[in-house]
Amino acid sequence: MAITRLTLAPLLLIAAVILSTETSAQPAAPAPGPAGPINLTAILEKGGQFTTFIHLLKITQVGEQVNTQVNSSSEGMTVFAPTDNAFQNLKAGTLNKLSADEQVKLILYHVSPKFYTLDDLLSVSNPVRTQASGRDNGVYGLNFTGEANQVNVSTGYVETRVSNALRTQRPLAVYVVDMVLLPGEMFGEHKLSPIAPAPKSPTTGVSDDDTKSNSTKKAAAPADKSASGERRAGLGFGFGLVVLCLKFLF
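Everything numeric here is computed off the predicted structure, so don't read it as measured data.

What counts as what
Residues numbered from 1 in each chain as written. Predicted model: local features only at pLDDT ≥ 70, side-chain atom pairs only at ≥ 80, totals over all residues. Heavy atoms only, no water. pLDDT = per-residue confidence, 0-100. Contact = heavy atoms within 4.5 Å. Buried < 20%, exposed > 50% of the residue type's maximum accessible area, 1.4 Å probe, protein only. Helix = DSSP H or I, 4+ residues; strand = E, 2+ residues; numbered from the N terminus. Pairing = 2+ DSSP bridges. Axes fitted to C-alpha atoms, helices over the stretch in contact; angles between N-to-C directions. Parallel < 35°, antiparallel > 145°, perpendicular 65-115°, else oblique. Left-handed = near helix turned anticlockwise from the far one by under 90°. Nonpolar A, V, L, I, M, F, W, Y, C, P; charged D, E, K, R; others polar.

This paragraph deals with the confidence of the model for the protein chain. Averaged over the protein chain, the pLDDT score is 77; the fraction of residues at 70 or greater is 61%. Here residues 215-228 is a poorly scored stretch, pLDDT under 50, and it has 0 contacts once near neighbours within four places are set aside; other chains count. Note that pLDDT drops below 50 for residues 241-246; the model gives that stretch 0 contacts with residues more than four away or on any other chain.

In C-alpha cells form, the structure reads like this:
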C-alpha cells in the first residue's frame, strides 16, 4: 500500500499542474464595449407621445444636427420636447402656415446648446440661449422660473411647466413640456398668431362685436322715433296758429 501511494503522488501532482495550466490559458471575458452614440429620436420614440415632434425633427434635419453635436460637444445639449397633445392644442393650420425656414427656427428654439439639470434651470441667468438664437438678429431665448422641483419655462409669448424628464444623463437632457414653445419673435404682436378668433355666440351665431353693433343700432332707434314725433308736434302747433289768425282776420 505504501508503494502504491508513493506511485500515485507524482501522478496527482502532474494532473494538478495540467489543470492549473488549462485554467489560466482560458481567455478572460471581454470587457463591455463603449455605449453607442446618443440618438434623440430613439429617446423620444421610447417616450411614446412625441410623434409630431419626431416628424418635425426629421423634416427639418434638426434631429440629425442634435445627434451629431451632442456626441462631439463638451457642453452637451438640452431638448424641450412638446407632447402630441401640445401640438394638437395649437390653432388648426398653425404648422402648415410656417415656411420651411420658420419650421427650422421653431424646432431649434426647443434645443439649448448646453446641458442643464433641473437645478441648473432654477438658477440659470435668463434668457437662456437656444439653437435659434441670433437668427434674423433675434434673441430667441427662454426664461426659467420656479422653486423646489417645479420649473416653469416662458417664451415671452407662452408659459408652461417642465413636467417630466426623459433623460438626465450628460451630455444630453430631454425634458417634456405640455405646450409648444412659441417664440415671440415669430408669434408675438403683428406676427403669426396661433390664437383662434373670438367664438360666435352659441345662441345667435354671431360674434361679440356683431352683438355690440346690433345693440348700438337698437339703442339709436328710439332716439330716431322721438325726433320724428317732435317734428310732427311742431307742424301741428304751427298749423293751429295759422287757423287762429285767419279767424281774427275774417
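In terms of residue burial, strand β6 (residues 172-177) counts as a mostly covered element, since 6 of its 6 residues are buried. Residue alternation in β6 divides its side chains into two sets, Leu172, Val174 and Val176 and Ala173, Tyr175 and Val177, and both sets are buried. Relative to β6, strand β1 (residues 77-82) is paired through 6 bridges, and the arrangement is parallel. Across the sheet, Val79 pairs through a bridge with Val174, a residue of β6. Looking at chain direction, strand β5 (residues 159-167) and β6 are connected through 4 bridges and run antiparallel. Within the sheet, the bridge partner assigned to Arg167 lies in β6 and is Val174. The turn linking β5 back onto β6 is made up of 4 residues.

This part covers the packing of helix α2 (residues 40-47) against helix α3 (residues 51-59). Following both chains from N to C, one finds α2 and α3 inclined at 165 degrees, their axes separated by 10 Å at the closest point. The angle between the axes of α2 and α3 places the two elements in the roughly antiparallel class. Here α2 and α3 pass one another in a crossing that is left-handed. Taking contact as the criterion, the partners of Leu40, Thr41, Leu44 and Glu45 in α2 are, on α3, Phe53, Ile54, Leu57 and Lys58. Looking at the contact of α2 with α3, its residues break down into 5 nonpolar, 1 polar and 2 charged.

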